[in-house]
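# Fold and contact review
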Amino acid sequence: MPLQPRPIAFPLAVIGFFVVSVVGTIVGLAPDTCCKRALVGAIVVYLATSAAVRAINTILTQAMIASQVEKDTPGDNQS
């Protein structure tokens with residue numbers, strides 16, 4: 001069963017938003033600048049995590065297909 005990207009990516013994006021906003025506040029940026037950068041950071045984290053989960057799903061699916069094809073090859077039967 002493949003992993004669902006949204007339940008993994010969304011919490012990471014929220015964490016990324018708060019991390020970027022806290023760092024921006026510590027550095028002394030204006031609140032609106034902090035918010036904009038944090039929003040862009042959250043979007044980037046969401047998209048990157050979604051892409052990574054989809055890549056992992058593709059790798060796992062290909063491995064399962066290869067395993068099934070390997071099991072079903074007729075040359076392996078000893079008659």
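Before reading on, note that the structure itself is shown above.
Let me sum up the structure you'll find in this document. Please read all numbers here as calculations on a predicted model, not as lab measurements.

## Describing helix α2 (residues 31-71)
Here α2 spans 59 Å end to end across 41 residues, near enough to the 60 Å set by a 1.5 Å rise per residue. Every buried residue of α2 is accounted for by Cys-34, Ala-38, Gly-41, Ala-42, Thr-49, Ser-50, Val-53 and Asn-57. Contact partners of the buried residues in α2: α1 (5-27).

## Quick look at the packing of aromatic side chains
Following the criterion strictly, the structure yields one aromatic pair and no others. Between Phe-17 and Phe-18, the ring centres sit 5.4 Å apart and the planes meet at 85 degrees, which makes this aromatic pair edge-to-face. Between Arg-6 and the ring centre of Phe-10, over which it is positioned, the NZ or CZ distance is 5.9 Å.

## A word on a nonpolar patch on the surface
A surface patch of nonpolar side chains, about 760 Å² in accessible area, is lined by Leu-3, Ile-8, Leu-12, Ile-15, Val-19, Val-23, Val-27, Ile-56 and Leu-60. When contributions to the nonpolar patch are tallied by element, the ones reaching two or more residues are α1 and α2. A total of six residues in the nonpolar patch trace back to one element, the largest contributor, which is α1. Within the secondary structure layout, Val-23 lies in helix α1.

## So, α1
Between its first and last C-alpha atoms α1 spans 32 Å; for 23 residues at 1.5 Å apiece the expected length is 33 Å, and the two agree. Among the residues of α1, those classed as buried are Pro-5, Ala-9, Ala-13, Gly-16, Ser-21 and Gly-24. Where α1 is buried, its residues contact α2. Backbone geometry just after α1 places Gly-28 at a positive phi near 105 degrees.

## Describing the side chain of Asn-57
Note that Asn-57 resides in helix α2. Overall, the relative accessible area of 12% leaves Asn-57 in the buried class. Look past the residues within four positions of Asn-57 in its chain and what remains in contact with it is Pro-2 and Leu-3.

Criteria and cut-off values
Residue positions are given per chain, counted from 1 along the sequence in the order it is written. Where totals are concerned, whole chains, interfaces and linings use all residues; where local detail is concerned, this predicted model gives features only for residues with pLDDT of at least 70, and gives and counts side-chain atom pairs only at 80 or more. Water and hydrogen atoms were dropped before computing side-chain values, which therefore reflect all heavy atoms in the structure. Each helix corresponds to a stretch of at least 4 residues labelled H or I by DSSP, and each strand to a stretch of at least 2 residues labelled E; elements are numbered beginning at the N terminus. A helix is expected to reach a length of 1.5 Å times the quantity of its residues less one. Note on classification: 1.4 Å probe, protein chains only; a residue is buried when its accessible area is under 20% of the maximum for its type, exposed when over 50%, partly exposed between these limits. Between two residues, a contact is recorded if the distance between any of their heavy atoms is within 4.5 Å. Within 6.5 Å between ring centres, the rings of Phe, Tyr and Trp (the latter by its six-membered ring) count as paired, and their orientation is classed by plane angle as stacked under 30 degrees, edge-to-face over 60, tilted in between. Geometrically, a lysine NZ or arginine CZ counts as sitting over a ring once it is within 6 Å of the ring centre and also within 35 degrees of the ring normal. Patches in this entry comprise residues that are over 30% relatively accessible and not in a salt bridge; like charges within 9 Å are linked, as are nonpolar side chains (Val, Leu, Ile, Met, Phe, Trp, Tyr) within 5 Å. Accessible areas in this description were obtained via Shrake-Rupley with a 1.4 Å probe; residue shielding takes into account the shown protein chains only. Any Lys or Arg side-chain nitrogen found within 4 Å of a carboxyl oxygen on Asp or Glu counts as a salt bridge.

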